Amino acid sequence: MRIPITKPFFGVEELRAVQLPLESGWVVQGPFVREFEEKFSAFTGARFSVATSSCTTALHIAVAALGLKPGDEVIVPAFTWVSTANVVEYMGAKPVFCDIDLRTFNIDTSQIEALITPRTVGMIPVHLFGLCADMHPILEIARKHNLWVVEDAACAFGARYCGRHAGTFGEMGCFSFHPRKSITTGEGGMITTQREDFDQLARSLRDHGASRSDLARHEGKAGFLLAEYNHLGYNYRMTDIQGALGCAQMERAEWILAERARRARLYDEMLAEVEWLQTPVVPDGYVHGYQSYVCLFCPEKPTLDNVERLHQRRNQLMRRLEEKGIATRQGTHAPVILGYYAEKYGLRPEQFPNAYMADRLSLALPLYVQMTKDEQTIVCENLRRALDA
């Protein structure tokens, strides 16, 4: 038996959905993308949703729309997928890394203000693995220092904070529909915003800076004339095949999220007495989206002195599980120790101890809608045996 880290859930509805654009002949960004955006707004409570080719391109559009420029600084977590920092670099600006809370894996809000300089223009908090960052202090700091906030909500579909869906707090939120996410369009992303001006600008920037889309030209008058191009834009459009798939996934989104949460609760129960594994924390007032079930390997209290030894033990444990056909992954990486950022900015692991320990000791377990209780039992039993071995 092989147990993958995850697998998307598709049924006959998704199969039929992707056929419809092929039958219509309209396969580029079109009516199904528009419908997907409308469904996404209805689900999240965002006033506007703008589909893109990925979450990375969504983030890139967001910071471009906000006017990020060379010389500016943006505060980002030190433990996140590298694209969070990359989009700042794309604009010639500087990502300033903030350490995380090792319990939640999210940005440590108590360290943010010390990083603000006269060049700081914004923050990109990340809702990692499906748990929202602590947004109230982040927004309070943003107001105090006149900073914008873009939420990296790549993992946060279904995640809520104090009753509101992720992606509805800052100027914009950015979501991912990669196959490891709860709902998927293969590749794909979405920008959410409450502001009409950002909505209109994001729609233009994803389409080379065009004043109107191909679909609008096709449906309206004077379609033989090209649009005007008043912005330096990108080709970050979602196809209608992806949009149709997204529509079908949205129809079962509540069920998918409920099933993932049910399996996460079962893990919580099965692993409750495993003292060497810190399972996902869900503070009061939060709803976890469970994009993944990420634990911390901690047979001892992690420190900078013992982290490398614990890292080797974690890797041995993961290797033993792999030999049994059980896939695991580290949660994500710490960009501050990756070659590009470490070399460019002279960063050292000890500057970001929690991010470094999370990079070396996080452990994601298999989680997907089709997963059976027997499969979860196999994972947990082998997890215990692997450590004993």
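Attention in this report is confined to the structure presented alongside it. (Residues numbered from 1 in each chain as written. Predicted model: local features only at pLDDT ≥ 70, side-chain atom pairs only at ≥ 80, totals over all residues. Heavy atoms only, no water.)

**A word on the environment of alanine 114**
Part 1: Locating alanine 114 in the fold gives a position in the loop between β3 (94–98) and β4 (120–123).
Part 2: The exposure class assigned to alanine 114 is exposed, which follows from its relative accessible area of 72%.
Part 3: In sequence terms alanine 114 and cysteine 98 are 16 residues apart; their C-alpha atoms lie 9.5 Å from each other. (Helix = DSSP H or I, 4+ residues; strand = E, 2+ residues; numbered from the N terminus. Buried < 20%, exposed > 50% of the residue type's maximum accessible area, 1.4 Å probe, protein only.)

**Some remarks on the pattern of salt bridges**
Part 1: Evaluation of the coordinates by the stated rule reveals 22 salt bridges.
Part 2: The shortest N-O distance in the salt bridge between glutamate 300 and arginine 309 comes to 2.6 Å.
Part 3: By relative accessible area, glutamate 300 is classed as partly exposed at 30%.
Part 4: The exposure class of arginine 309 is partly exposed, given its relative accessible area of 44%.
Part 5: Measuring nitrogen to oxygen at the nearest pair gives 3.3 Å for the salt bridge that ties glutamate 308 to arginine 360. (Salt bridge = Lys/Arg side-chain N within 4 Å of Asp/Glu carboxyl O.)

**Looking at the sheet that holds β3**
Part 1: The strand order β1-β9-β8-β5-β4-β2-β3 describes an open sheet built from 7 strands, whose pairing is mixed. Among the strands making up the open sheet, the edge pair consists of β1 (48–52) and β3. Between one strand axis and the next, the sheet turns through 25 degrees on average, direction left out of account.
Part 2: Pairing of β4 with strand β5 (residues 148–152) involves 2 bridges; the strand directions are parallel. Pairing of methionine 123 across the sheet is with valine 149, part of β5.
Part 3: Packed on one face of the sheet, helix α2 (residues 31–44) meets β1, β8 (172–176) and β9 (189–193) and runs near 135 degrees to β1. (Pairing = 2+ DSSP bridges. Axes fitted to C-alpha atoms, helices over the stretch in contact; angles between N-to-C directions. Contact = heavy atoms within 4.5 Å.)

**Some remarks on the packing of aromatic side chains**
Part 1: A full pass over the atoms with the stated rule returns 20 aromatic pairs.
Part 2: Where phenylalanine 79 meets phenylalanine 129, the ring centres are 6.2 Å apart and the plane angle is 70 degrees; that geometry is what we call edge-to-face. Taken together, the residues phenylalanine 79 in the loop between β2 (73–77) and α4 (83–90) and phenylalanine 129 in the loop between β4 and α5 (135–145) connect sequence positions 50 residues apart.
Part 3: Judged by relative accessible area, phenylalanine 79 falls into the buried class, the value being 1%.
Part 4: Taking relative accessible area as the criterion, phenylalanine 129 reaches 5% and is therefore assigned buried.
Part 5: For the pair phenylalanine 97 and tyrosine 341, a centre-to-centre distance of 5.6 Å together with 80 degrees between the ring planes defines the contact as edge-to-face. Taken as a pair, phenylalanine 97 in strand β3 and tyrosine 341 in helix α11 (residues 339–345) lie far apart in primary sequence, 244 residues in all. Tyrosine 341 matches phenylalanine 97 in its accessibility class, with the two residues each being buried.
Part 6: Three or more aromatic residues joined by ring pairs make a cluster, and in this case those are Phe36, Phe40, Phe43, Phe157, Phe175 and Phe177.
Part 7: When the ring centre of phenylalanine 169 is taken as origin, the NZ or CZ atom of arginine 164, which lies over that ring, is 4.3 Å away. (Phe/Tyr/Trp six-rings, centres within 6.5 Å; stacked < 30°, edge-to-face > 60°. Lys NZ or Arg CZ within 6 Å of the ring centre and 35° of its normal.)

**Description of the side chain of threonine 120**
Part 1: Mapped onto the elements of the fold, threonine 120 is located in strand β4.
Part 2: Classification of threonine 120 as buried rests on a relative accessible area of 9%.
Part 3: In terms of polar contacts, threonine 120 uses its side chain to reach the backbone amide nitrogen of threonine 117, at 2.8 Å.
Part 4: Contact partners of threonine 120, with chain neighbours within four places excluded, come to Glu73, Ile75, Leu115 and Leu147. (Polar contact = N/O pair within 3.5 Å; in protein donor to acceptor, adjacent residues only side chain to side chain.)

**With respect to the side chain of threonine 168**
Part 1: Assignment of secondary structure puts threonine 168 in the loop between β7 (164–165) and β8.
Part 2: Given the relative accessible area of 8%, threonine 168 is considered buried.
Part 3: Within the local environment of threonine 168, its side chain forms a polar contact with the backbone oxygen of histidine 165, the two atoms lying 2.6 Å apart.
Part 4: The residues touching threonine 168, leaving out its near neighbours within four places in the chain, are Thr44, Gly45, Ala46 and Glu151.

**Here's the deal with the packing of helix α1 (residues 12–24) against helix α8 (residues 240–251)**
Each packed pair of helices is defined by two parameters, the angle between the axes and the distance between the axes.
Part 1: The geometry of α1 relative to α8 is characterised by a closest axis approach of 8 Å and an angle of 150 degrees between their N-to-C directions. Taken as axis vectors, α1 and α8 run roughly antiparallel relative to one another. α1 and α8 meet at a crossing whose hand is right-handed. Contact residues: Glu13, Glu14, Ala17, Val18, Pro21 and Leu22 in α1; Asp240, Ile241, Ala244, Leu245, Ala248 and Gln249 in α8.
Part 2: Looking at the contact of α1 with α8 residue by residue, the class counts come to 8 nonpolar, 1 polar and 3 charged. (Parallel < 35°, antiparallel > 145°, perpendicular 65-115°, else oblique. Left-handed = near helix turned anticlockwise from the far one by under 90°. Nonpolar A, V, L, I, M, F, W, Y, C, P; charged D, E, K, R; others polar.)

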